[in-house]
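# Tertiary structure, described
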Amino acid sequence: MSTRSDEAAVPGEREAAAVPRPAPRRRLHPAWIVAAVAFLALVGAAGFRAAPGVLMVPLQQEFGWSTTVLSAAVSINLVLFGLTAPFAAALMERFGIRKVTALALVLIGMGSALTVLVNQSWQILLTWGLLIGLGTGSMALVFAATIANTWFVKSRGLVIGILTAGSAAGQLVFLPFIAVLAQDPGWRQASLLIAAGALAVVPLVLKFLKNSPADAGVLPYGAEAGSAAQAPAATGPRTNAAVRALQVLRRASRVRTFWALVAGFAICGATTNGLIGTHFIPSAHDHGMPETTAAGLLAVVGIFDIVGTIASGWLTDRFNPRILLAVYYQFRGIGLLVLPLLLSAEVQPSMIVFVVIYGLDWVATVPPTAAICRETFGADGSVVFGWVFAAHQLGAAAAALAAGAVRDATGHYTYAWLGAAAMCTVAAVISATIRRNSGARDAAPSAA
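Residues numbered from 1 in each chain as written. Predicted model: local features only at pLDDT ≥ 70, side-chain atom pairs only at ≥ 80, totals over all residues. Heavy atoms only, no water.

Further remarks concern the overall build of the chain. Within the chain one finds 20 helices and 0 strands. Split into buried and exposed, the 448 residues of the chain put 53% on the buried side. Taking the contacts inside the chain whose residues are at least 6 apart along the sequence as the reference set, 84% of them involve residues at least 24 apart. Carbon and sulfur atoms make up 65% of the accessible area of the chain, which amounts to about 18100 Å² in all. (Helix = DSSP H or I, 4+ residues; strand = E, 2+ residues; numbered from the N terminus. Buried < 20%, exposed > 50% of the residue type's maximum accessible area, 1.4 Å probe, protein only. Contact = heavy atoms within 4.5 Å. Areas by Shrake-Rupley, 256 points an atom, 1.4 Å probe, with all protein chains shown as cover.)

The next subject is helix H18 (residues 381-410). For H18, spanning 30 residues, the distance from its first C-alpha to its last is 43 Å, which sits close to the expected 44 Å at 1.5 Å a residue. Immediately beyond the C-terminal end of H18, within one or two residues, lies Gly411, with a positive phi of roughly 85 degrees. (Expected span 1.5 Å × (residues − 1).)

This part covers helix H13 (residues 256-286). The end-to-end C-alpha separation of H13 is 42 Å, in line with the 45 Å expected for 31 residues at 1.5 Å each. Largest kink in H13: about 50 degrees, centred on His279, with the proline Pro282 one to four residues after it. Of all 31 residues that make up H13, 25 are buried, and the element is covered over most of its length. Downstream of H13 by one or two residues, Gly288 has phi in the positive range, about 95 degrees. (Bend = angle between axes of the 7 residues up to and from the residue.)

What follows concerns unusual backbone geometry. Phi at Ser155 takes a positive value of approximately 65 degrees, unusual for a residue other than glycine. Looking at the secondary structure, you find Ser155 in the loop between helix H7 (141-151) and helix H8 (156-183).

Let us look at the pattern of salt bridges. A side chain with one charge can pair with a side chain of the opposite charge if their charged atoms come near. Applying the stated criterion to the full structure yields 6 salt bridges. The closest approach of N and O atoms between Asp286 and Arg407, which form a salt bridge, is 2.7 Å. With a gap of 121 residues between them, Asp286 in helix H13 and Arg407 in helix H18 connect regions that are remote in the sequence. Classification of Arg407 as partly exposed rests on a relative accessible area of 23%. (Salt bridge = Lys/Arg side-chain N within 4 Å of Asp/Glu carboxyl O.)

It is worth spelling out the confidence of the model for the chain at this point. With 86% of its residues at a pLDDT of 70 or more, the chain shows a mean pLDDT of 81. Per-element confidence in the chain ranges from a low mean pLDDT of 42 for helix H20 (residues 440-447) to a high of 93 for helix H19 (residues 414-432). This stretch, residues 1-18, has a pLDDT under 50; its non-local contacts, to residues over four places away or in other chains, come to 1 contact. Contacts from residues 439-448, a stretch scored under 50 in pLDDT, to residues over four places away or in other chains number 12 contacts. (pLDDT = per-residue confidence, 0-100.)

Relative to the elements of secondary structure, His392 occurs in helix H18. Assessed through its relative accessible area of 2%, His392 is described here as buried.

Once that is clear, we can look at the state of the cysteines. What the rule picks out here adds up to 0 disulfides. Distance from the sulfur of Cys268, which forms no disulfide, to the nearest cysteine sulfur (Cys424) is 8.3 Å. Judged by its relative accessible area of 1%, Cys268 is buried. (Disulfide = S-S within 2.5 Å.)

Together, Leu28, Ile33, Leu40, Leu204 and Phe208 line one region of the surface with nonpolar side chains, adding up to about 400 Å² of accessible area. Contributing elements (two or more residues each) for the nonpolar patch: helix H2 (30-45) and helix H10 (202-208). Relative to the elements of secondary structure, Leu204 occurs in helix H10. (Patch = residues over 30% accessible without salt bridge, like charges linked within 9 Å, V, L, I, M, F, W, Y side chains within 5 Å.)

Remark: helix H15 (residues 321-342) packs on helix H17 (residues 366-377), axes separated minimally by 9 Å, with the N-to-C direction vectors making an angle of 150 degrees. Taken together, the axis directions place H15 and H17 in an arrangement best described as roughly antiparallel. The hand of the H15/H17 crossing is left-handed. Two secondary-structure elements touch here, H15 through Pro321, Arg322, Leu325 and Tyr328 and H17 through Pro368, Thr369, Ile372 and Glu375. (Axes fitted to C-alpha atoms, helices over the stretch in contact; angles between N-to-C directions. Parallel < 35°, antiparallel > 145°, perpendicular 65-115°, else oblique. Left-handed = near helix turned anticlockwise from the far one by under 90°.)

Looking now at the environment of Gln330. Along the chain, Gln330 falls in helix H15. Gln330 gets classed as partly exposed once you look at its relative accessible area, which sits at 29%. Spatially, the C-alpha atoms of Gln330 and Ala428 are 5.6 Å apart, while their sequence positions differ by 98 residues. When residues no more than four places from it in sequence are discounted, the contact partners of Gln330 are Thr425 and Ala428.

Turning to the packing of aromatic side chains, a few remarks are in order. Any aromatic ring pair is given by two values, namely how distant the centres are and how the planes are angled relative to each other. Counting across every chain of the model gives 11 aromatic pairs. Each ring, one from Trp32 and one from Tyr221, has its centre 5.3 Å from the other, and the planes form 70 degrees; the classification is edge-to-face. Separated by 189 residues along the polypeptide, Trp32 in helix H2 and Tyr221 in the loop between helix H11 (213-216) and helix H12 (241-252) bring together distant segments of the chain. The interplanar angle of 65 degrees and the centroid separation of 5.8 Å between the aromatic rings of Phe152 and Tyr221 together place this pair among those described as edge-to-face. Of the two residues, Phe152 is situated in the loop between H7 and H8 and Tyr221 in the loop between H11 and H12; the sequence distance between them amounts to 69 residues. (Phe/Tyr/Trp six-rings, centres within 6.5 Å; stacked < 30°, edge-to-face > 60°.)

The subject of this paragraph is the nonpolar core. One finds Val54, Leu55, Trp128, Phe143, Ile276, Phe280 and Met351 to be the most contacted residues of the largest nonpolar core, which totals 123 residues. Excluding residues within four positions of it along the chain, Ile276 makes contact with Thr271, Leu298, Leu336, Leu339, Phe354, Tyr358, Trp362 and Trp417. (Core = buried A, V, L, I, M, F, W, Y, C linked by side-chain atoms within 4.5 Å.)

Moving on to the side chain of Ser75. Structurally, Ser75 can be placed in helix H4 (residues 67-95). A distance of 3.4 Å separates the side chain of Ser75 from the backbone nitrogen of Leu401, its partner in a polar contact. Residues in contact with Ser75, not counting those within four places in the same chain, are Ala397, Ala400 and Leu401. (Polar contact = N/O pair within 3.5 Å; in protein donor to acceptor, adjacent residues only side chain to side chain.)

If you want it as structure tokens, here you go:
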């Protein structure tokens, strides 16, 4: 009789086992392990983000390519970096976070390694632009939003801040070594270092980066026990990833908040990756500052970026993200306005103040922007953030190319810095005027 009773209980037990349960009492929720691996993946993918500014001068010296040509390669990278993001978010929903992340890291490694073979300008467009652009786009900040939205209910803003800081940490880890290697023995060894950094994380991703809480048999961190709404399925929607990304774009484009975030984030990209990230070192070199010194200053930006982004995530969980965005953009504009006065052959105390403030503000905009996307668009929030991030990178690409053209035409970057300062004021005004929940009512019927 006991045997029959056990047999009769088996189907029910199997059904119960298939339902995600609250994590048993343990020291560490699996979500934090996933977040740690995601952080390392972002560090590995961030190596190239530090490279163009450092490698631009050595490539010019060896091949005689103009600043505009190299800026075009960076611009292609930034465009793909952005446009790939929303489709990568949909691909992560469709095929899983682990596969997409591993493939992205392999593309970055391949692009960096193949760079050592280039001898024509079109080849740098292929490696820096196409391969690394597709790889970094799939590992863009939308990856951080996807991890946070999938694995966390509590502390989402903080987690996005920590993961976003992974990109800054990558810059911090790689930039000084890239700068040293670029001078001796040469830029090719620096490119191989970037490739090694990206590929080294792939085994960790394949082993430890689970796709969803259901894969680990738990609820997301902070979810209430028994809340089906907080237990995402182990696999994403079966909709084609490209179709899903475009459907989300169509729904989001009807909401005013989406366009406000797009405009602000385009300016954010223009004033970070596009200008400072790409042209700060060449501009400092124009003023007589050694490249290694300028690279060290960008590394300091990376250090304080980590602090600022994590702090921004903490603040986003507690304060109105719209006000935070307005403050961040305005402080950035003030910094860019005074930058032409600070550049010189030697590092002055005022320059240290600039890099600290700019570092704190570098991607502090990400947690509040992702929070507004989630608040306004709900389950579509990660993919919507992917489209907003695409605008970020389009702005960065335009600024990288325009600043290179300004430098070639005038012999200096002053007009580029001043124009960027004015754009930051525009972004601050746009962000402050976003109404709370302004798009929720419009987005919901469309999503339905």
